[in-house]
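# Understanding the architecture of this molecule
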Amino acid sequence: MSEQSTDLRETVRQRYASAALKVTEGGTACCGPQPVEVDESFGSTLYAADERDALPAEAVAASLGCGNPTAVAELREGERVLDLGSGGGIDVLLSARRVGPTGKAYGVDMTDEMLTLALANAEKAGATNVEFLKGTIESVPLPANTVDVVISNCVINLSVDKPAVFAEAFRVLKPGGRIGVSDVVADDTLTPEQRAERGDHVGCIAGALSFAEYRRGLEAAGFTAVEITPTHPVADGMHSAIVRAVKPAVRTEAGDSSAATECCGVRACCTPGEQATAPMTTVAEAKAASGCGCQG
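Residues numbered from 1 in each chain as written. Predicted model: local features only at pLDDT ≥ 70, side-chain atom pairs only at ≥ 80, totals over all residues. Heavy atoms only, no water.

The next thing to look at is the environment of Thr 116. Checked against the element boundaries, Thr 116 lands in helix H6 (residues 112-125). Each C-alpha atom of the pair Thr 116 and Gly 88 lies 8.2 Å from the other, and the pair is 28 residues apart in sequence. (Helix = DSSP H or I, 4+ residues; strand = E, 2+ residues; numbered from the N terminus.)

Below, the discussion takes up the confidence of the model for the protein. Per-residue confidence for the protein gives a mean pLDDT of 75; residues scoring 70 or more make up 60%. Ranking the elements of the protein by mean pLDDT puts helix H3 (residues 57-61) last with 50 and helix H9 (residues 211-221) first with 97. Residue range residues 27-38 is modelled with pLDDT below 50. Its contacts to residues more than four positions away, or to other chains, number 22 contacts. Within the model, pLDDT remains below 50 along residues 252-261, and this stretch shows 14 contacts once partners closer than five positions in the same chain are excluded. (pLDDT = per-residue confidence, 0-100. Contact = heavy atoms within 4.5 Å.)

Moving on, we get to the pairing of strand E8 (residues 238-246). In terms of burial, E8 is a largely internal element, seven of the nine residues being buried. Pairing between strand E5 (residues 173-186) and E8: nine bridges, direction antiparallel. In the strand pairing of E8, Gly 180 is matched with Arg 244. Inspection of the sheet shows strand E7 (residues 224-235) paired to E8 by eight bridges, in the antiparallel sense. Bridging across to E8, Thr 224 finds its partner in Val 246. In this antiparallel pair of consecutive strands, E7 and E8, the connection spans two residues, and Gly 237 shows a positive phi of 80°. (Buried < 20%, exposed > 50% of the residue type's maximum accessible area, 1.4 Å probe, protein only. Pairing = 2+ DSSP bridges.)

Here's what the structure looks like:
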């Protein structure tokens, strides 16, 4: 990672650490925590009132997202869900309610202060089917083929290595799994410089991909059925959007052992057409990294 990228990630971490501390300190006031100040296009008002009322006030106050990914992902009973950049835990806690006691909701975040806040919120909510993990969304601390659904709320645009994020989402999803995220997306006509003029990176604007870039990034990671639907404007030419995509299911033709399958980070594993699922990775590198038994 370049020095500039490292500095940018640290700036993002500091901003979210400060937000977590503000909410935590506000919780000791007589009237409870005040929501972190954000534009009307972001924050807890994007959730239904009954959802907000069912959660600890601190989880609602710490919401900094641009949508409601737990709704767009159409979560079902018994599913395992991963929230990339889980913050104060609002989407993890809502996911846990949707998937029920037979399901589980994971959250990954790189900010100690947010993880502390999220754990406290989970305890207040009495949620037993949740787990918060420290890590980055570019290197998720979960095994491959672990979850049914990946969600995220206005966090992927903050990443300094979005191809790695897409590759990690693909890796941790089970075959047939899906992503349903809310994120900021730019019109295809806007250059990176024009996006930067509309807001800083930490403010979720400058780091946004265009519609075409987002689609190409997901498809390069191996996703299919990519849908990107704008929901509301957040700046001139910039939109909050719902992003959906699917990790193809493993299929084996009856009587054909050479049919395209996927394992150890390789599509069509052990066939003449095998390809690494992660961008900029060779088949040999993918197999070696996974410890896959299929080394041929």
